[in-house]
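Structural overview for review
Residue-level listing of the chains:
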Amino acid sequence: MIGLVDCNSFFVSCQVVFNPKLKGKPVVVLSGNDGCIVSRSREAKALGIKMGEPVFKVKHLIRKHKVYTFSSNFSLYADMSQRVMTILLSAAPRVSIYSIDEAFLDLSNIPREDLKYFAIDLKEKIRKWTGIPVSVGIAPTKTLAKVAVHKAKVDLSLKGIKIIKTKSEIDKELISFKVSDVWGIGRESARFLKFYGIDTAYQFTEMPDVWVRKNLKIFGLKTLKELQGSSHISFEEKHAPKKQIIRSRSFKNPIIEIEPLGEALASFAARAAYKLREQGSYAYKIGIFIRSSNYLQSHLRYSKSYEKKFITPTNDTSLLISATFECLEKIFQKGIGYKKAGVVLNGIVSQYEKQLGIFKKDQKELCASLIKVVDQINNKMGSKTVRYAAEGINERLRYRSEKKSKLYTTNWEDLLRVS
DNA sequence: TCTGGGGTCCTAGGACCC
DNA sequence: TCTGGGGTCCTAGGACCC
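Residues numbered from 1 in each chain as written. Chains lettered and ligands numbered in written order. Predicted model: local features only at pLDDT ≥ 70, side-chain atom pairs only at ≥ 80, totals over all residues. Heavy atoms only, no water.

1. As for the pattern of salt bridges
This is how the line gets drawn: In the sections that follow, a salt bridge refers to a side-chain nitrogen of Lys or Arg positioned within 4 Å of a carboxyl oxygen of Asp or Glu. Each helix is a run of DSSP H or I of at least 4 residues and each strand a run of E of at least 2, with the numbering of both proceeding from the N terminus.
According to the stated counting rule, one finds 19 salt bridges in the structure shown. A salt bridge links Glu 173 to Lys 162; the shortest N-O distance between them is 3.1 Å. Pair noted here: Glu 173 is in helix 7 (residues 167–175) and Lys 162 is in strand 8 (residues 161–163), with a separation of eleven residues, a long-range link. Between Lys 384 and Glu 391 there is a salt bridge, with its nearest N and O atoms 3.1 Å apart.

2. Quick word on the protein's contact with DNA strand B
As a reminder, the rule being used: Summary of the distance rule: residues count as near a molecule or strand when at least one heavy atom falls within 4 Å of that molecule or strand. Each polar contact in these results corresponds to two N or O atoms within 3.5 Å; when the atoms are within protein, one needs to be able to donate a hydrogen and the other to accept it, and residues that are neighboring in sequence are counted only if both atoms are side-chain atoms. Under the scheme applied here, ten amino acids are nonpolar (Ala, Val, Leu, Ile, Met, Phe, Trp, Tyr, Cys and Pro), four are charged (Asp, Glu, Lys and Arg), and all others, including Gly, are polar.
With respect to spatial proximity, 21 residues lie near DNA strand B, and among them Ile 246, Arg 247, Ser 248, Ser 250 and Lys 339 are the closest. Within the backbone of Ser 250, an N or O atom sits 2.7 Å from a phosphate oxygen of DNA strand B. Counting residues per element, the ones that place at least two in the surface near DNA strand B are helix 10 (209–227), strand 9 (245–255) and strand 12 (338–350). Broken down by element, the residue count for the surface near DNA strand B peaks at six residues, all from strand 9. Broken down by class, the residue content of the surface near DNA strand B amounts to seven nonpolar, six polar and eight charged.

3. Side note on the sheet that holds strand 1 (residues 2–7)
Test applied: When DSSP finds at least two bridges between two strands, those strands are taken to pair. To obtain each axis, a line is fitted to C-alpha atoms, and for helices this fit is confined to the stretch in contact; angles are then taken between N-to-C directions over 0 to 180 degrees.
One open sheet accounts for five strands, arranged 5-6-1-7-8; its pairing is mixed. The sheet is open, and its two borders are formed by strand 5 (95–99) and strand 8, each paired with just one other strand. Adjacent strand axes in the sheet meet at a mean angle of 15° when their direction is disregarded. Of the pairings in the sheet, the one linking strand 1 to strand 7 (residues 134–139) comprises six bridges and is antiparallel in character. Along strand 7, the bridge assignment pairs Val 5 with Val 136.

4. Some remarks on the pairing of strand 2 (residues 27–30)
Defined as follows: Only protein chains enter the area calculation, which uses a 1.4 Å probe; residues under 20% of their type maximum are buried, those over 50% are exposed, and those in between are partly exposed.
What you see with strand 2 is no split at all: Val 27 and Val 29 on one side and Val 28 and Leu 30 on the other are buried throughout. As defined by bridge partners, strand 2 adjoins strand 4 (residues 68–70) across three bridges and the pair is classed as parallel. For Val 29, the partnering residue across the bridge sits in strand 4 and is Phe 70. Two elements, strand 2 and strand 3 (residues 37–40), share three bridges in a ladder whose sense is antiparallel. When the sheet's bridge partners are listed, Val 29 is paired in strand 3 with Ser 39. Taken together, strand 2 and the strand that follows it, strand 3, pair antiparallel across an intervening segment of six residues, in which Asn 33 is found at a positive phi of about 60°.

5. Concerning the sheet that holds strand 4
Judged by pairing direction, the sheet is mixed, and its three strands sit side by side in the order 3-2-4 without closing on themselves. The outermost strands of the open sheet, each flanked by one partner alone, are strand 3 and strand 4. Recorded for the sheet is a direction-independent mean angle of 25° between the axes of neighbouring strands.

6. Let's talk about the packing of aromatic side chains
The description of two aromatic rings rests on the distance between their centres and on the angle between their planes. Our working rule: Between rings of Phe, Tyr and Trp, where Trp is taken as its six-membered ring, a pair exists when centres lie within 6.5 Å; planes separated by under 30 degrees are stacked, by over 60 edge-to-face, and by other angles tilted.
Applying the stated criterion across every chain, the model contains 15 aromatic pairs. Here the aromatic rings of Phe 10 and Phe 11 are separated by 6.0 Å at their centres, their planes lie at 55°, and the arrangement is tilted. With respect to class, Phe 10 is no different from Phe 11; both count as buried. Judged by centre distance (5.5 Å) and plane angle (85°), the ring pair of Tyr 98 and Trp 183 falls under edge-to-face.

7. Focus on the domain arrangement of chain A
Often the size quoted for an interface is simply the accessible area lost on bringing the parts together. Heads up, the condition is: The split into domains, and so the bounds of each, comes from an automatic or database assignment of domains.
By the assigned domains, chain A splits into domain 1 (7–75), domain 2 (178–240) and domain 3 (245–398). Once you take the C-alpha centre of each, domain 1 and domain 3 turn out to be 32 Å apart.

Shown next, in the form of structure tokens:
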């Protein structure tokens, strides 16, 4: 059996832990630049505020119902996530961390009749030790565990725990489960299935393998098998190194000049390079993209990307920043208000797969030790304590984040005082 | 006026090889 | 006049996830 632990309204819950008076109130957390709604408390959902909705469209609801809003505070969420995950790692022999607020647990060593008590204990322990409420779903496959946790969240009488064991229990759940809510069935597939009259997960499980394989491809077939109760998605304990690293942001105000755009891209490159070194990798390719607002009329939109390849892969910040500038020179056009930009690292290899060049000397010793020192300082004193001048100095001006809470768990100055 | 920031995997098609 | 039958690798784009 596989368990899935999913934090309820995770970002909102992190805020509520440090503001207990928000319990039971409508609360939302916003995306970068305070643009969209990305997390909602139960009370906010009840008001009809949708996931991913732009804030300006629900301004009236926020005002009318006094909805508490927060800018996102990723340092806080990452730290709270780590606390929850630490508990999970001690609770099961194998744990697969799937996202910031979810993890799968291998429960094959727990007697079936004890699963319920295990779940109750675990849920309570997490609540007590971290303040984060979670839901638990347990089933024979990952996809069914997803179904279970979905049920556990929707049906309040279940108190946040749902276990699906037998074939008849599976069928019973799937009959009332929308196929569009199945993990792995997105908007396109759901629309396609609807065309053939398939609305529930149960109807989907009755379709022939060949038909599913042909129309929904290999992943559709895996999902079908998983819903039928046989495991086809591997457990994967430790997460593999990233095959692609992206750092990108939208800007508060459109950027028109090349210099500030270059500064933004340089800081993306620096952060991407740090991520790369953190996992001990090197990249063969760096690409950038720049674009105007997506919401302009189509003939006014501008969106370009450019990629540069290295002969020998690198994780040297200065090389990556200068490559970024080279790319920008190729695609920058005057007279455009750039609203979003990003840096993309591809062709990522480990230290051992790194091919040395025949003609060019490898990254100089000096650079490598310089970077090491910079990383050490920043790890100890906080990121960007030391940085490249190319990144500019007034990063704050580029982004909006007006309602950010304190760093309750990662900054001494922000520690809560209890009186 | 205001619209997130990451990722993964799969497939089709082009360029190229013998 | 008639013009094969295998492959590989790379890229762009789609679909999906949180």
